[in-house]
Amino acid sequence: MAQDYDEQEESFIKTQKGLTAFKRLMADIFAMKRDSSILVVSVLITAITGTLYPLALGYAINSITASNFTGLYLYAGIFFGLYIIQFFSNRQRTISSTKLAQSEIKSLRDRSFENLQYVPVSFFSRVKTGYLISRITNDAETLSEFLTFQLPQVVSGIATVIVAITIMFYKDFSLTLYALVVIPVLMLFSFSIQGKVRRNYLRTRKTIAAITGNLSENINAIRTIKSFNVENRMAERFDGLNRKNFKSNMKASLVASLYGASIRIIESVGIALVLIAGALQLKAGITTVGILVAFVLYVQEFFDPVVQLSQLYNSYQSSMVGVARIYGIIDYPRQSTEDSGDQRATFSDAIELRGVSFTYGEDNALRNINLKIRQGEKIGIVGHTGAGKTTLSNLLMKFYSPTEGEITLDGELLDKIDTASFRHLLAPVLQEPFMFKGTIYENILFSNPRISKSEVMELIRRFSLEGIFENLPDGIDTNIGEMGRNLSEGQRQAISILRAFVRNPEILILDEPTSQIDPYSESLIMNSLSEFLKDKTLVLITHRFSMVKLVDRIIVLNEGDIVEEGTYDGLIGTGGIFDQLYRIQYGLD
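Criteria and cut-off values
Residues numbered from 1 in each chain as written. Predicted model: local features only at pLDDT ≥ 70, side-chain atom pairs only at ≥ 80, totals over all residues. Heavy atoms only, no water. Helix = DSSP H or I, 4+ residues; strand = E, 2+ residues; numbered from the N terminus. Expected span 1.5 Å × (residues − 1). Buried < 20%, exposed > 50% of the residue type's maximum accessible area, 1.4 Å probe, protein only. Contact = heavy atoms within 4.5 Å. Salt bridge = Lys/Arg side-chain N within 4 Å of Asp/Glu carboxyl O. Patch = residues over 30% accessible without salt bridge, like charges linked within 9 Å, V, L, I, M, F, W, Y side chains within 5 Å. Areas by Shrake-Rupley, 256 points an atom, 1.4 Å probe, with all protein chains shown as cover. Core = buried A, V, L, I, M, F, W, Y, C linked by side-chain atoms within 4.5 Å. Pairing = 2+ DSSP bridges. Axes fitted to C-alpha atoms, helices over the stretch in contact; angles between N-to-C directions. Parallel < 35°, antiparallel > 145°, perpendicular 65-115°, else oblique. Left-handed = near helix turned anticlockwise from the far one by under 90°. Nonpolar A, V, L, I, M, F, W, Y, C, P; charged D, E, K, R; others polar.

(A) Structural view of helix H19 (residues 519–532). For H19, built from 14 residues, the straight-helix expectation of 20 Å at 1.5 Å per residue is met to within 8% by its first-to-last C-alpha distance of 20 Å. Listing the buried residues of H19 in full gives Ser521, Glu522, Leu524, Ile525, Met526, Ser528, Leu529 and Phe532. The inward-facing, buried residues of H19 abut helix H17 (466–469), helix H18 (489–503) and strand E7 (507–511).

In structure tokens, the structure reads:
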């Protein structure tokens, strides 16, 4: 049976068990020593004061029944003082827990985002963008309430229970036993329901991730959606995902409410037992009214943390599911740890592919490729769609490693060369260049943040690209909009080429750079490339024969094999694949 996407993602991005993730989270938090120490002290003060005021109230009641007003004033003052101390300790606890929680959420997001910059490119071909966004944003946010309020409250509550039980046993051993008789029932019930709670909260994390993924996909595809007039269908699909999320949350809430309500029923049984046993002891003269009142309050104080624990448990399950999913991203192996050596890249001779093969799953994209690209040489890669051209460029940019064979740079294995230094030699110009939100100038700066605006303008003039930007209201300071939607294809490609120019690479990789632009923009870009490439190495992947005049040698791929090699003039008229593609493009057949 085929796996659905959630199952595939879980098997691909390994996530830890809840308890393991919790231990790791606590280690992260206690690494912030100063803030965590302040939190622990404030929690303990809150707990101790919380256990002393019922006893002060009980003694005050005994003073009233004994008409001892001196004792009443004393214990009333102590009661008030304990509340004041608890107020300030509670305030400090909230401040410290908020700081720790937000610091940890920030750290998780920073670390997960940083790791995504270094994972292999293949990672992004297997994981949906919206699901990744949901892990880093929604899953991290589930920690906020858990760490800020619920966890400190429960820790304080547990400390309260320990101190309270100690006082209760000291004051009245037998009455304390009556108060604790319901604990086994409480524990049994809690353990019996925990699995169901966790499964339900895992389902809610997955459904909200599906919503985020669908939303991201629809916003990016809005022009396609409107072009095909499928707005209603997309709205219905989103409504279906939203309905699943609604049902998952309702089911999780129903289980959570059942747990909380059941705890309250068990609490009422415990209080009833204390009242009955206390009344009998009061009648026998064994205890006093004040101690009985204190015991009732202690039983409530004992069960309040348990109720909080039920709320924590629900939040804990949701949070641990979320944080485990984030740790899955943080722990995903980086490409640099597997495929990068420590040698600095230098290029003075050649890049060579020896017996290189590459497969996507079971599909052979390239087979036994032998190719040498000398420094300063300009080669073109031509072939039908699916021939393996882009796969070859991905291997040259070290996005993937060959399944078989080896790639060398100046005789050194590419796997032994530092990836970052190698990529400093390269600049790609892709068929669909990515545009970042901001201005044209800011997008050009992306590959070289040190270059000035005047230097960019000089490059534009030098390579005669002024005509592409001349009609824009603010020139290169024009805001391009989301994904560059305010620009033409020619303007977007010119930005991509300028981005490569300001990097001043030794090797330029062009992947269908003019396939979607108008002839005027293409001629300007062709002229700029001819000027720029005089002392550079070029790898050109193209269907457009107008660009082939940039290269010295042409490699023809077909179904992953090199089937032809030669110059433009040498391949025309041979009847081979290159000649067929040429004749089809120019309508000569």
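Moving on from the model shown.
(B) Looking closely at the pattern of salt bridges. Per the stated rule, a full pass over the model turns up 18 salt bridges. Note that Asp35 is salt-bridged to Lys99, the shortest N-O span being 3.5 Å. With Asp35 in helix H3 (residues 33–65) and Lys99 in helix H4 (residues 69–116), this pair connects stretches of sequence that are 64 residues apart. Residue classification places Lys99 among the partly exposed positions, given a relative accessible area of 45%.

(C) Spatial organisation of a nonpolar patch on the surface. A cluster of nonpolar side chains, namely Phe30, Val40, Leu44, Ile48 and Leu52, defines an oily patch on the protein surface of about 410 Å² accessible area. Considering every element that reaches the nonpolar patch, the biggest residue donor is H3, with 4 residues. Topologically, Val40 is positioned in helix H3. We classify Val40 as partly exposed; its relative accessible area is 37%.

(D) Region of the structure containing the side chain of Ser97. Among the secondary structure elements, Ser97 is positioned in helix H4. With near-sequence residues (within four places) excluded, Ser97 lies in contact with Leu39, Leu147, Thr148 and Pro152.

(E) Fine view of the nonpolar core. Formed by 49 residues in total, the largest nonpolar core has its most connected members in Ile440, Phe469, Leu508 and Leu529. Not counting residues within four places of it along the chain, the set of residues in contact with Ile440 comprises Phe469, Leu472, Gly475, Ile476, Thr478, Ile480, Leu487 and Ile495.

(F) Examining the side chain of Ser144 more closely. Secondary-structure assignment places Ser144 in helix H6 (residues 129–171). Overall, the relative accessible area of 14% leaves Ser144 in the buried class. Beyond its immediate sequence surroundings of up to four residues, Ser144 is in contact with Ala101, Gln102 and Ile105.

(G) How the structure looks around the sheet that holds strand E3 (residues 378–383). If you walk across this open sheet you meet the 6 strands as E6-E7-E8-E3-E9-E10, and the pairing is mixed. Each edge of the open sheet carries a strand with a single partner, namely strand E6 (426–429) and strand E10 (561–566). Ignoring strand direction, the axes of neighbouring strands in this sheet form an average angle of 20°. Where E7 lies against strand E8 (residues 537–541), 5 bridges are found, and the strand directions are parallel. Within E8, the position partnered with Leu508 by the bridge is Leu538. Against the sheet, H18 makes contact with E6 and E7, and its axis sits at roughly 175° relative to E6, the strand it touches most.

(H) Molecular detail of the packing of H3 against H6. Two numbers describe how H3 lies on H6: the axes approach to 8 Å, and their chain directions differ by 40°. Classed by the angle they form, the pair H3 and H6 counts as oblique. The crossing of H3 and H6 is right-handed. On H6, the residues touching Leu39, Val43, Leu44, Thr46, Ala47, Thr51, Leu52, Leu55 and Tyr59 of H3 are Pro152, Val155, Ser156, Ala159, Thr160, Val163, Ala164, Ile167 and Lys171. Broken down by class, the residue content of the contact of H3 with H6 amounts to 13 nonpolar, 4 polar and 1 charged.

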